Amino acid sequence: MQNLQNLFEKPLQFINAKKPFDVDIALILGSGLGGFADSLSPLLSINTCDIPGYPVSTVAGHSGKIHFVEAFNKKILVFQGRIHFYEGYTLAQCLLPVEISKLCNARAMIITNAAGGINPHFSPGDLMLTSGFNSMLLRKEIAELFSPGSVERRNALVGLADSPMYNAIQRAGLEAGISLKEGVYFYTKGPNYETPAEIRFIRETGADAVGMSSVHEALYAIQHGIDAGVISCISNFAAGISGAKLYHGEVTETANRVKLVFEDLIKRAIALY
Ligand code: HPA
């Protein structure tokens, strides 16, 4: 896979000079889920707007901070907020958090997001561990991360299930007594939600949930030897799945409602890994 270190020379130099320690695990907190970072006591917090060359997040509910934390028996790097492809950045630019995780020698990542539920057995507030991705809409951009003519560019994309982090999250769910769902995450480019007709099509592909992030982060991490587990907070029924009208506020409302369960799952997964 292409090396993005040149693209990120300035932010990586900055983090390298500041980082208080190498980490075990990096955690990306998705839409509405950033509040978890406020309950931690970081050794160092950095506003991403103070990092030269760090893309600015324009999405409500993404505060743009990086924290170095020692907790749950691990050293952790927490990204409070993420960079979205739909904000107009290149896919490569969206991968800066993974490059920073690599720089800090993270062995694994937990990548979280908000997603619309498609599986009829899912309800808003459920947590889903991603067993597979449908990244067909991102094919070209992902391929472009590999050098032209390389074997990797033509290879099938890697999967997620049964990695050590996947297993740690599954065990954390059991330990916490959470009815953790598992399923396929369908990536859409956004920024707008899908139409009911699009969701009917996406459902036919075997998808359980739909969202606008995470896939490239996990794939890039795995390609660089970092184990990755992806957790979705099902924030709403995807368009047309229920009669209800979609609104963005549901992402934060649902995340707030399941905050304690979500945080318990993450803490246990980190400790178990
Ligand atoms: N669709 C796409 N992305 C989302 C959704 C959705 O319904 N909910 C939260 N993120």
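A short tour of the structure in this document, coming up. Everything numeric here is computed off the predicted structure, so don't read it as measured data. (Residues numbered from 1 in each chain as written. Predicted model: local features only at pLDDT ≥ 70, side-chain atom pairs only at ≥ 80, totals over all residues. Heavy atoms only, no water.)

## Observations concerning the overall build of the protein chain
Here comes step 1: Secondary structure assignment for the protein chain yields 9 helices and 9 strands.
Here comes step 2: On C-alpha atoms alone, the protein chain measures out to a radius of gyration of 17 Å, which is about the 19 Å that the 2.2 N^0.38 rule sets for 273 residues.
Here comes step 3: Judged by the C-alpha coordinates and their principal axes, the protein chain covers about 50 × 45 × 35 Å.
Here comes step 4: In the protein chain, which comprises 273 residues, the share counted as buried stands at 54%.
Here comes step 5: Look at the contacts in the protein chain between residues 6 or more apart in sequence, and 81% of them connect residues 24 or more apart.
Here comes step 6: For the protein chain, the exposed surface amounts to about 11,500 Å²; the carbon and sulfur share of it is 50%.
Here comes step 7: For the protein chain, the distance from the average position of its 23 positive side-chain charges to the average position of its 25 negative side-chain charges is 1 Å. (Helix = DSSP H or I, 4+ residues; strand = E, 2+ residues; numbered from the N terminus. Rg over C-alpha atoms; globule rule 2.2 N^0.38 Å. Buried < 20%, exposed > 50% of the residue type's maximum accessible area, 1.4 Å probe, protein only. Contact = heavy atoms within 4.5 Å. Areas by Shrake-Rupley, 256 points an atom, 1.4 Å probe, with all protein chains shown as cover. Lys, Arg positive; Asp, Glu negative; His and termini not counted. Charge placed at Lys NZ, Arg CZ, Asp CG, Glu CD.)

## Description of the site of the ligand
Here comes step 1: Near the ligand the following residues occur: Ala114, Ala115, Gly116, Tyr193, Glu194, Val210, Gly211, Met212, Ser235 and Asn236.
Here comes step 2: In this structure, a nitrogen atom belonging to the ligand sits 3.3 Å away from a main-chain N or O atom of glycine 116.
Here comes step 3: One of the side-chain N or O atoms of tyrosine 193 is found 3.5 Å from a nitrogen atom in the ligand.
Here comes step 4: In isolation the ligand offers 260 Å² of accessible surface; the protein chains occlude 96% of this area. (Near = heavy atom within 4 Å. Polar contact = N/O pair within 3.5 Å; in protein donor to acceptor, adjacent residues only side chain to side chain.)

## Remarks on the pattern of salt bridges
Here comes step 1: The tally for this structure, following the rule as stated, stands at 10 salt bridges.
Here comes step 2: Here glutamate 175 ties to arginine 268 by a salt bridge, and the two come within 2.9 Å at their closest N and O atoms. On the criterion of sequence distance, the pair formed by glutamate 175 in helix 5 (residues 164-176) and arginine 268 in helix 9 (residues 259-272) is long-range, its members being 93 residues apart.
Here comes step 3: For the salt bridge of aspartate 264 with arginine 268, the shortest nitrogen-to-oxygen distance reads 3.1 Å. Placement of both aspartate 264 and arginine 268 in helix 9 is noted, with a separation of 4 residues, approximately one turn of the helix.
Here comes step 4: Using a relative accessible area of 28% as the deciding quantity, one classes arginine 268 as partly exposed. (Salt bridge = Lys/Arg side-chain N within 4 Å of Asp/Glu carboxyl O.)

## Let's talk about the environment of glycine 117
Here comes step 1: Mapped onto the fold, glycine 117 is located in strand 5 (residues 108-117).
Here comes step 2: A sequence separation of 120 residues divides glycine 117 from phenylalanine 237, and the C-alpha atoms of the two residues are 4.7 Å apart.
Here comes step 3: Aside from chain neighbours lying at most four places away, what touches glycine 117 is Asp208, Ile234, Asn236, Phe237, Ala238 and Ile241.

## Comments concerning the packing of helix 5 against helix 9
Here comes step 1: Between helix 5 and helix 9, the least distance of the axes is 8 Å, while the angle of their chain directions is 125 degrees. One way to sum up the angle between helix 5 and helix 9 is to call them oblique. For the pair helix 5 and helix 9, the crossing hand works out as right-handed. Contact with helix 5, carried on its side by Ala168, Ile169, Arg171, Ala172, Gly173, Glu175 and Ala176, involves Asp264, Leu265, Arg268, Ala269 and Leu272 of helix 9 and no other residues of that element.
Here comes step 2: Each residue belonging to the contact of helix 5 with helix 9 can be placed in one class, and the counts come to 7 nonpolar, 1 polar and 4 charged. (Axes fitted to C-alpha atoms, helices over the stretch in contact; angles between N-to-C directions. Parallel < 35°, antiparallel > 145°, perpendicular 65-115°, else oblique. Left-handed = near helix turned anticlockwise from the far one by under 90°. Nonpolar A, V, L, I, M, F, W, Y, C, P; charged D, E, K, R; others polar.)

## Looking at the nonpolar core
Here comes step 1: Counting residues in each nonpolar core, the largest one holds 50 residues, and the members touching the most others are Ile66, Phe68, Leu77 and Ile100.
Here comes step 2: The leading source of residues in this core is helix 7 (residues 215-223), at 5 residues.
Here comes step 3: Counting 31 residues, the second-largest nonpolar core is a separate cluster that includes Leu33, Val69, Ala71 and Phe262. (Core = buried A, V, L, I, M, F, W, Y, C linked by side-chain atoms within 4.5 Å.)

## A word on helix 5
Here comes step 1: End to end, helix 5 covers 18 Å across 13 residues, agreeing with the expected 18 Å (1.5 Å per residue, within 8%).
Here comes step 2: Buried within helix 5 are the following residues: Met165, Tyr166, Ala168, Ile169, Ala172 and Gly173. Within helix 5, the buried residues cover an arc of 165 degrees as seen down the axis, which keeps them to one side. Exposed residues lying more than 90 degrees from the buried face of helix 5 are Pro164 and Leu174.
Here comes step 3: The secondary structure elements touched by the buried residues of helix 5 are strand 1 (25-29), strand 5, strand 6 (127-134), strand 7 (181-187), strand 9 (227-237) and helix 9. (Expected span 1.5 Å × (residues − 1). Arc of directions from axis to C-beta.)

## Some words on the environment of cysteine 49
Here comes step 1: As for its position among the elements, cysteine 49 is in the loop between strand 2 (44-47) and strand 3 (65-71).
Here comes step 2: In this structure cysteine 49 comes out as exposed when scored by relative accessible area, which is 64%.

## A few points about helix 9
One turn of the α-helix equals 3.6 residues, which is why residues spaced by three or four share an orientation.
Here comes step 1: End to end, helix 9 covers 20 Å across 14 residues, agreeing with the expected 20 Å (1.5 Å per residue, within 8%).
Here comes step 2: Among all positions in helix 9, only Phe262, Glu263, Leu265, Ile266, Ala269 and Ile270 are buried. One face of helix 9 carries all of its buried residues, which in axial projection span an arc of 160 degrees.

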